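Given next are the chains, with one letter for each unit.
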Amino acid sequence: GDNNNITDGCCLPDDPAGNTSYLHLADDGAVLYKSIYDFSGLQFDIVDGLVNGAEAASGGAAEEAGLTMSTSGPDGTDSNNSRVLGFTMDGTFIPAGCGVLTNLDLQGGAAGLDAISISNTLGELIVFDNYPEIILGCMDETACNYDSSAQAEEYGEVFSCTGTDPGVDYTAAV
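How each quantity is defined
- Residues numbered from 1 in each chain as written.
- Predicted model: local features only at pLDDT ≥ 70, side-chain atom pairs only at ≥ 80, totals over all residues.
- Heavy atoms only, no water.
- Phe/Tyr/Trp six-rings, centres within 6.5 Å; stacked < 30°, edge-to-face > 60°.
- Helix = DSSP H or I, 4+ residues; strand = E, 2+ residues; numbered from the N terminus.
- Buried < 20%, exposed > 50% of the residue type's maximum accessible area, 1.4 Å probe, protein only.
- Pairing = 2+ DSSP bridges.

Asker: What's the story with the packing of aromatic side chains in this structure? I'm lost.
Answerer: The description of an aromatic ring pair rests on the distance of the ring centres and on the angle between the ring planes. According to the stated counting rule, one finds 3 aromatic pairs in the structure shown. Aromatic pair Tyr 22 and Tyr 131: ring centres 5.8 Å apart, planes at 70°, arrangement edge-to-face. Of this pair, Tyr 22 sits in strand 1 (residues 21–25) while Tyr 131 sits in the loop between strand 12 (128–130) and strand 13 (136–137), and the two are 109 residues apart along the sequence. Both rings, one in Phe 39 and one in Phe 128, keep their centres 5.4 Å apart while their planes meet at 65°; by these two values the pair is edge-to-face. Of the two residues, Phe 39 is situated in the loop between strand 2 (30–35) and strand 3 (41–47) and Phe 128 in strand 12; the sequence distance between them amounts to 89 residues. For Phe 39, a relative accessible area of 0% translates into the label buried. Judged by relative accessible area, which is 5%, Phe 128 ranks as buried. An aromatic cluster of three or more residues is present, and its members are Tyr 33, Phe 39 and Phe 128.

Asker: Would you take a moment to explain the pairing of strand 6 (residues 68–72) for this structure?
Answerer: Along any regular strand the residues' side chains alternate between the sheet's two faces. Side chains Met 69 and Thr 71 project from strand 6 onto a buried face, and the interleaved Thr 68, Ser 70 and Ser 72 project onto a face without burial. Bridge count between strand 6 and strand 7 (residues 82–87): 5 bridges; the pairing is antiparallel. Across the sheet, the residue bridging to Thr 68 is Phe 87, located in strand 7.

Asker: What exactly am I supposed to notice about unusual backbone geometry here?
Answerer: With a phi angle near 55°, Asp 48 is a residue other than glycine that sits in the positive phi range. Within the secondary structure layout, Asp 48 lies in the loop between strand 3 and strand 4 (50–51). Within the chain, Ala 115 stands out as a residue other than glycine whose phi angle is a positive 50°. Its location among the elements puts Ala 115 in strand 10 (residues 112–119). Given a relative accessible area of 40%, Ala 115 falls into the partly exposed group.

Quick look at the structure:
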């Protein structure tokens, strides 16, 4: 996405339906938020991003509200995603509004945020999306399903495309 025009959480859009709040990962590692809800728990993945240790999330509204924050690197499965987790045990919360949620210490860049789970003060899930949406696809320029608009690899979707017989489907997943 174009991170150059989003410099603060208050720059994030308003959902026309009034149901969705947004997170955005800025180029400097700041996680920006615009929330229509109070919230007290969070978890999200950093797409194609590697955090620098278990305490790579600090500052921002999460720290001000007293949330316990932790981070973890890729788990060795089929993704290069790191994870951020934040919670409270004493009922504190981040009030509805906008700003910097937390600052991430990343090794290099990242494509954005995914698998976002945010809970309100009752522990119920509320709707948050990454902004802008991350375009997942095949980033292997030699594959027949290469997607030049992809910002992050959609794992398990690289196809081996060899052969020239038009009657044969060469798109079997590898």
